[in-house]
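# A closer look at the structure
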Amino acid sequence: MWLLASAMLARGELHRAAEVVTSRNLHKRHLLCLGVAMRAHLAAKESSTALNLLEDCDPMLLEPRNTDQTHNRALAGVLVTQARALSALERREAAAEALTAALRADCACYEALDLLLEQHALTPRQESELIESLPISEQLSGAEGALLLSAYRERFHRYSPAPVAPPPPDSDDPIVREAEGVRSRTLEAAVCGARRLAAGCRWGAALERLGAAGGGPGSGAALRAACLLELRRAPELFAFAHGLVDAYPTHWTAWYAVGCYYYLIGKNELARRYLSKSKSLEPGAGCVWLAYGHSFAADNEHDQAMAAYFKASQLMGGCHLPPLYVGVECSLLNNVAMCERFLYKAAVLHRGATEAGSAVDEGDVENKSGWDRILGLVSDPHVAHEAGAAALAAGDPGAARLLWLRTLDVAAHDGQLNVRWAATLDGLGHASRALGGAAEGLQWHERALGLRPRRGASHTARGLCLALLGRAAAAADALHGALALDPDDVVALALLDLVVDTLDRHLAEEEIPQFPFPAVNISLPAAPATPLASVDVTNTSDMSMSFD
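Since this is a predicted model, take the numbers as computed values, not measurements. (Residues numbered from 1 in each chain as written. Predicted model: local features only at pLDDT ≥ 70, side-chain atom pairs only at ≥ 80, totals over all residues. Heavy atoms only, no water.)

### A short note on the packing of helix 5 (residues 69-88) against helix 6 (residues 92-105)
Definition in use: Axis lines are fitted through C-alpha atoms, for helices just across the contact stretch, and the angle between N-to-C directions can take any value from 0 to 180 degrees. Starting at the N terminus, helices and strands are each numbered in turn, a helix being any DSSP run of H or I of at least four residues and a strand any DSSP run of E of at least two. For classification purposes, an angle smaller than 35 degrees is called roughly parallel, one larger than 145 roughly antiparallel, one from 65 to 115 roughly perpendicular, and anything else oblique. For any pair of crossing helices, the crossing counts as left-handed if the nearer helix is rotated counterclockwise from the farther one by less than a right angle, and right-handed if it is rotated clockwise. We call two residues in contact whenever any of their non-hydrogen atoms come within 4.5 Å of each other. Nonpolar residues are Ala, Val, Leu, Ile, Met, Phe, Trp, Tyr, Cys and Pro. Charged residues are Asp, Glu, Lys and Arg, and all others, Gly as well, are polar.
Across the interface, helix 5 lies against helix 6 with an axial gap of 8 Å and an inter-helix angle of 165°. The angle between the axes of helix 5 and helix 6 places the two elements in the roughly antiparallel class. The element helix 5 and its partner helix 6 pack so that their crossing is left-handed. Across the interface between the two elements, Q69, N72, L75, A76, L79, V80, Q82, A83, L86 and S87 from helix 5 touch R92, A94, A95, A98, L99, A101, A102 and A105 from helix 6. Across the contact of helix 5 with helix 6, the residue classes tally to 13 nonpolar, four polar and one charged.

Set out below in structure tokens:
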């Protein structure tokens, strides 16, 4: 009966598959049959009916057994299906508890861990505590346990930038080293490595890492779309999204990639249309809600953007990205108190993610106020950069300068900065100039131009610093360069008018030098001795008149 129900489920005969099991009360005595019936009702969008089947079965059937690993694996599958049904009913805390129970029943239930991490159902500290409490040594052999731990720990560092050089092995045990070598050749290792490269803004390297992983939904399709979006490769993103829609028209990542393409080319209304279709296929996909909010933010619809980010925060309770974007929107709305609150929350969540559950001493941090609390905890360069921008907008250039210096400390890899952080260098120039250090600000702007030489705003800021230093001619040259790159830059145009007026005033005030003229001797030609006889000296005109 289980095979028959499974075949019907695979053919799409959902209600017949459930009826085969429930009509014989097999779901009350057999976990495999219970799992098939629940999956059938869940595929038919009947989540409540799927959960009701659990109440009818024997409670002892839902308890793990220490000596029966086959029973535990079947139980883990049932609990994962229960978690999916609970998530569909917006009961996310209960879904997280079901996934946790599934992992404890079967440590190798990778589907449960994948759902926990992808949905960010737990905070980083809770994720680490869960893995440490799993009975891996009791359920798996030494090599299997080492392979599983290596894979799980790699997933925990999904928001930590990948090191430039591969780290040494954690243990000298040959079993552990062999397990890590095997895991490094798997598809999951490629996706995890690409995710960490993307966290360090190394989008091109992340794409290369995903190159061998294929293009399916299970091979980091959402991550690939995000990398192409960041690199602004619109033709490649269009081709990739088109291929996904043709091959997987019912999977949410296909329409998510389409929405990313339209967001990239500036058609935000079309982007929201396809992102809405994506989140209708997978309501729990938090990244779709983040992209949905970005499309509203690009149109300066801050209230709609914040609503989308709050929804993403509900779906991704353990992720630092939703509160980060909410803080940015609060800063744009001049709500400094709420901005500090959400950016501090983002810093706390990311700190726990990077330290893998180690204790964060927040005693001294809680005693601080304002931006100092964020500065004491922040370990993500994006959070630090946005906090610096908000602090400068709030009129605190000193705090902004410290936060941006922290950004450079965290973002630099072997002393090298990504082009993405040129805005941070420009921000440091603005903060230094506001603090009275025009010379230091000029150095920061020149460093920014070294990373991004064709940005007109950087040339304008450099020209302002030169003007403040009294170098009017060099400032005029810099402002001319800014207007050549961006003719609509009104700030550069106004500054250039002031600088030119200053130069004209200086030229008018300068004394015109007197140059001595050389002596010139003018000699007149000598007059003739005798006038010509044929010339009438009284005739003063060549014209003659005669009268009859």
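### Structural notes on the environment of L89
Considering the arrangement of structural elements, one finds L89 in the loop between helix 5 and helix 6. Linking L89 and S47, residues 42 residues apart in sequence, is a C-alpha distance of 7.1 Å.

### Examining the pattern of salt bridges
Under the convention used in this document: Definition used for salt bridges: Asp or Glu carboxyl oxygen within 4 Å of a side-chain nitrogen of Lys or Arg. Buried residues are those whose accessible area, probed at 1.4 Å on protein chains only, stays under 20% of the maximum for their type, while exposed residues exceed 50% and partly exposed ones sit between those limits.
Tallied over the entire structure, the rule returns 14 salt bridges. A salt bridge links R420 to E230, with the shortest nitrogen-to-oxygen separation between them at 2.9 Å. Within this pair, whereas R420 is found in the loop between helix 25 (397-411) and helix 26 (422-434), its partner E230 is found in helix 14 (residues 221-230), the two being separated by 190 residues in sequence. Between E236 and R233 there is a salt bridge; the shortest N-O distance is 3.7 Å. What makes E236 partly exposed here is its relative accessible area of 43%.

### Details of helix 24 (residues 381-393)
Rule in force here: Expected span of a helix, by definition, is 1.5 Å for each gap between consecutive residues, and there is one gap fewer than residues.
The end-to-end C-alpha distance of helix 24 is 18 Å, a good match for the 18 Å that 13 residues give at a rise of 1.5 Å each. P381, V383, A384, H385, A387, G388, A390 and A391 are the residues of helix 24 that are buried. Phi turns positive, to about 90°, at G395, one or two residues after helix 24.

### Points about the packing of aromatic side chains
We apply this condition: Each Phe, Tyr or Trp ring, with Trp reduced to its six-membered ring, pairs with another whose centre is within 6.5 Å; inter-plane angles below 30 degrees give stacked pairs, above 60 give edge-to-face pairs, and intermediate values give tilted ones. By definition, being over a ring means that NZ of Lys or CZ of Arg is both within 6 Å of the ring centre and within 35 degrees of the ring normal.
Tallied over the full model, the rule gives 10 aromatic pairs. On the basis of an interplanar angle of 70° and a centroid distance of 5.2 Å, the ring pair of Y261 and Y262 is categorised as edge-to-face. Each member of the pair Y261 and Y262 is classed as buried. With a centroid separation of 5.8 Å and 80° between ring planes, the pair formed by W289 and Y292 is classed as edge-to-face. Residue W289 and its partner Y292 are both found in helix 18 (residues 286-298); the two are separated by three residues, about one turn of the helix. A residue is classified by how much of its surface remains accessible, and Y292, at 15% relative accessible area, is buried. Through a chain of ring-to-ring contacts, the aromatic side chains of F238, W255, Y261, Y262 and Y274 assemble into a single cluster. A cation over a ring is seen here: R272 above F296, with NZ or CZ 4.4 Å from the ring centre. When the ring centre of F342 is taken as reference, the NZ or CZ atom of R341 above it lies at 5.6 Å.

### Examining the side chain of S87
When you line up the elements, S87 lands in helix 5. The exposure class assigned to S87 is buried, which follows from its relative accessible area of 14%.

### Topic: the nonpolar core
For clarity, the cut-off: Within this scheme, the nonpolar core is defined by two criteria: the residues are buried Ala, Val, Leu, Ile, Met, Phe, Trp, Tyr or Cys, and they are joined through side-chain atoms within 4.5 Å.
The biggest cluster of nonpolar side chains holds 81 residues, and the ones touching the most others in it are C227, L237, Y256, L343, W371 and I374. If you tally residues by element for this core, the top one is helix 16 (residues 252-264), at 10 residues. Excluding anything up to four places from it in sequence, C227 contacts A198, W203, A206 and L207. Grouped together as the second largest cluster of nonpolar side chains are 55 residues, V21, L42, A50 and A95 included.

Fair warning: the whole summary comes from geometry, so function is off the table for now.
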